[in-house]
Amino acid sequence: MRQGRDTIDFAEGAMTTMLVLKRLAAVVAAIMSVLAGSEAALAGMGQPSPWQLGFQQAATPVMENIVWFHDFLLWLIVAITIFVLILLLIIFVRFNARSNPTPSKTTHNTLLEVAWTLIPVIILVAIAVPSFKLLFLQTVIPQADVIVKATGKQWYWSYSYPDSKFEFDSLMLQDKDRKPDQPRLLAVDNEMVVPVNKVVRVQVIAADVIHAFAVPSFGIKIDAVPGRLNETWFKATREGVYYGQCSELCGRDHAFMPIAVRVVSEREYAAWLDQAKKKYATDDSQPATTLVAAK
Ligand SMILES: [Cu+2]
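Residues numbered from 1 in each chain as written. Predicted model: local features only at pLDDT ≥ 70, side-chain atom pairs only at ≥ 80, totals over all residues. Heavy atoms only, no water.

Structural notes on the side chain of Gln182
1) Next: Residue placement: Gln182 occurs in the loop between strand 3 (166–170) and strand 4 (192–195).
2) Next: In this structure Gln182 comes out as buried when scored by relative accessible area, which is 13%.
3) Next: Apart from residues lying up to four places away in sequence, Gln182 is in contact with Leu173, Asp177 and Ala187. (Helix = DSSP H or I, 4+ residues; strand = E, 2+ residues; numbered from the N terminus. Buried < 20%, exposed > 50% of the residue type's maximum accessible area, 1.4 Å probe, protein only. Contact = heavy atoms within 4.5 Å.)

See below:
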């Protein structure tokens, strides 16, 4: 009689597990279809968009790489999580005290032990290889076509083009000055302008406290530290305006010192450069930004 009861319990347990698994699969499928259908539509181009999931659209090879690496890791994690979940469910159903009253005393299994050592090693190597490739892509700056120096200040950015000897301030637009197509809290009066498909080397520094220069679509984020010149780079492959924000808590108006980069064709860039040289002409005898010598 006891035996019969156990069999029924086991069968019920197994059925519950199947039901849970089926429901779980349905939820996963629903989430996946939402993600697949909406990501392209919702991801902002150069700026965040309402109900956005995932990253802003990539506009540089580095960001494309970051997105790929993120997706790769996500699928890997999903696979590992599902695998562990299945193992747990099997244990709950088959090896609880009721279904398995006399547990076996097995302690070692060579094949299993080799497998659970080697497989994680292989997984880690599979993560490390693209991870290091991405790290090198980000940190080894290729030969630059344009150099722009971005200086973080309380609470705005200054951009200087050392090759053309001019510098200008870039302040967030107030609501009353904003055109309808300009995003609130992101648009600025003077955008940083760069040519499309050219390597731009960004030298980042701060004049007062630590800020951080970050543009999500370009996949760049680097600290702006007083007295220390940090460098990063990007090569925007699409024209447009790309927005970013100071990403280091830097004081009262930290949230109101956005970064706006306008990527234009080479011809438009040359025209802008000509006009900017006149508009922002600086005195050559004065350094654009005072550099505090690093001790
Ligand atoms: Cu800041």
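A closer look at the sheet that holds strand 1 (residues 146–153)
Sheets are built from strands that pair by backbone hydrogen bonding, the pairs being arranged parallel or antiparallel.
1) Next: Strand order across the open sheet formed by five strands is 3-2-1-5-8, with mixed pairing between neighbours. Unpaired on one side and paired on the other, strand 3 and strand 8 (230–234) mark the two borders of the sheet. Going from strand to strand, the sheet's axes swing by 25° on average, the running direction of each strand aside.
2) Next: Pairing of strand 5 (residues 200–206) with strand 8 involves five bridges; the strand directions are antiparallel. (Pairing = 2+ DSSP bridges. Axes fitted to C-alpha atoms, helices over the stretch in contact; angles between N-to-C directions.)

Re the pattern of salt bridges
1) Next: One pass over the full model with this rule turns up seven salt bridges.
2) Next: Residues Arg184 and Asp175 are paired through a salt bridge, measuring 3.1 Å at the closest nitrogen-oxygen approach.
3) Next: For Glu266, the salt bridge goes to Lys198, with nearest N and O atoms at 3.7 Å. One end of the pair, Glu266, is in helix 4 (residues 266–279); the other, Lys198, is in the loop between strand 4 and strand 5, with 68 residues separating them in the sequence.
4) Next: Look at the salt bridges and you will find they share partners, linking Asp175, Arg178 and Arg184 into a network. (Salt bridge = Lys/Arg side-chain N within 4 Å of Asp/Glu carboxyl O.)

So, the environment of Ser99
1) Next: Along the chain, Ser99 turns up in the loop between helix 2 (61–94) and helix 3 (110–139).
2) Next: Under the relative-accessibility criterion, Ser99 is labelled partly exposed at 30%.
3) Next: In this structure the side chain of Ser99 is engaged in a polar contact, spanning 3.0 Å, whose partner is the backbone oxygen of Val93. (Polar contact = N/O pair within 3.5 Å; in protein donor to acceptor, adjacent residues only side chain to side chain.)

Thoughts on the coordination of the copper ion
1) Next: Bound to the copper ion are the protein donor atoms His211 (ND1), Cys246 (SG), Cys250 (SG) and Met257 (SD), situated 2.0 to 2.6 Å from the metal.
2) Next: Taken together, the four donor atoms coordinating the copper ion and their angles of 93 to 127° define a geometry best described as tetrahedral.
3) Next: For the copper ion, the donor residues sit on a single chain with the sequence spacing H-x34-C-x3-C-x6-M. The burial state of Cys246 is the same as that of Cys250; both residues are buried. (Donors = N, O, S within 2.8 Å, 3.2 Å for Na, K, Ca; no water. Tetrahedral: all angles 85-135°; square planar, octahedral: opposite > 155°, others 65-115°.)

Looking at the confidence of the model for the protein
1) Next: Put simply, the protein has an average pLDDT of 88, and 82% of its residues get 70 or more.
2) Next: The low-confidence segment residues 38–42, where pLDDT is below 50, has eleven contacts with residues more than four positions distant or belonging to other chains. (pLDDT = per-residue confidence, 0-100.)

Describing the environment of Asp71
1) Next: With respect to the helices and strands, Asp71 occurs in helix 2.
2) Next: Using a relative accessible area of 32% as the deciding quantity, one classes Asp71 as partly exposed.
3) Next: In sequence terms Asp71 and Gly54 are 17 residues apart; their C-alpha atoms lie 9.8 Å from each other.

Observations regarding a nonpolar patch on the surface
1) Next: On the surface, a nonpolar cluster with roughly 980 Å² of combined accessible area is contributed by Ile80, Ile82, Phe83, Val84, Ile86, Leu87, Leu88, Ile90, Ile91, Phe92 and Phe95.
2) Next: Examined against the element boundaries, Leu88 turns out to sit in helix 2. (Patch = residues over 30% accessible without salt bridge, like charges linked within 9 Å, V, L, I, M, F, W, Y side chains within 5 Å. Areas by Shrake-Rupley, 256 points an atom, 1.4 Å probe, with all protein chains shown as cover.)

Things to note about helix 2
1) Next: If you check helix 2, its first and last C-alpha atoms are 49 Å apart, about what 34 residues at 1.5 Å a residue would give, namely 50 Å.
2) Next: Every buried residue belonging to helix 2 is among Val62, Met63, Ile66, Phe69, Leu89 and Val93, and all of these are buried. (Expected span 1.5 Å × (residues − 1).)

Some remarks on the sheet that holds strand 10 (residues 259–264)
1) Next: The three strands are arranged 4-10-9 in an open sheet whose pairing can be described as mixed. This sheet does not close on itself; its edge strands, each paired only once, are strand 4 and strand 9 (240–244). Sheet twist, expressed as the mean angle between neighbouring strand axes with direction ignored, is 25°.
2) Next: The pairing of strand 4 with strand 10 spans four bridges and is parallel. The residue bridging Met192 from the neighbouring strand is Val261, located in strand 10.

Here's the deal with the packing of aromatic side chains
1) Next: Taken as a whole and judged by the stated rule, the model has 16 aromatic pairs.
2) Next: With a centroid separation of 5.2 Å and 55° between ring planes, the pair formed by Tyr161 and Trp272 is classed as tilted. Here Tyr161 is found in strand 2 (residues 156–161), whereas its partner Trp272 is found in helix 4, with 111 residues between them in sequence. We note that Tyr161, like Trp272, is buried. (Phe/Tyr/Trp six-rings, centres within 6.5 Å; stacked < 30°, edge-to-face > 60°.)

Here we look at unusual backbone geometry
1) Next: The peptide bond linking Gln154 to Trp155 adopts the cis configuration, its omega dihedral lying at 0°.
2) Next: Even without a glycine there, the phi angle at Leu185 is positive, about 70°.
3) Next: Tracing the chain through its elements places Leu185 in the loop between strand 3 and strand 4.
4) Next: We note that Asn197 has phi near 60°; this positive angle belongs to a residue other than glycine.
5) Next: Relative to the elements of secondary structure, Asn197 occurs in the loop between strand 4 and strand 5.
6) Next: Judged by its relative accessible area of 46%, Asn197 is partly exposed.

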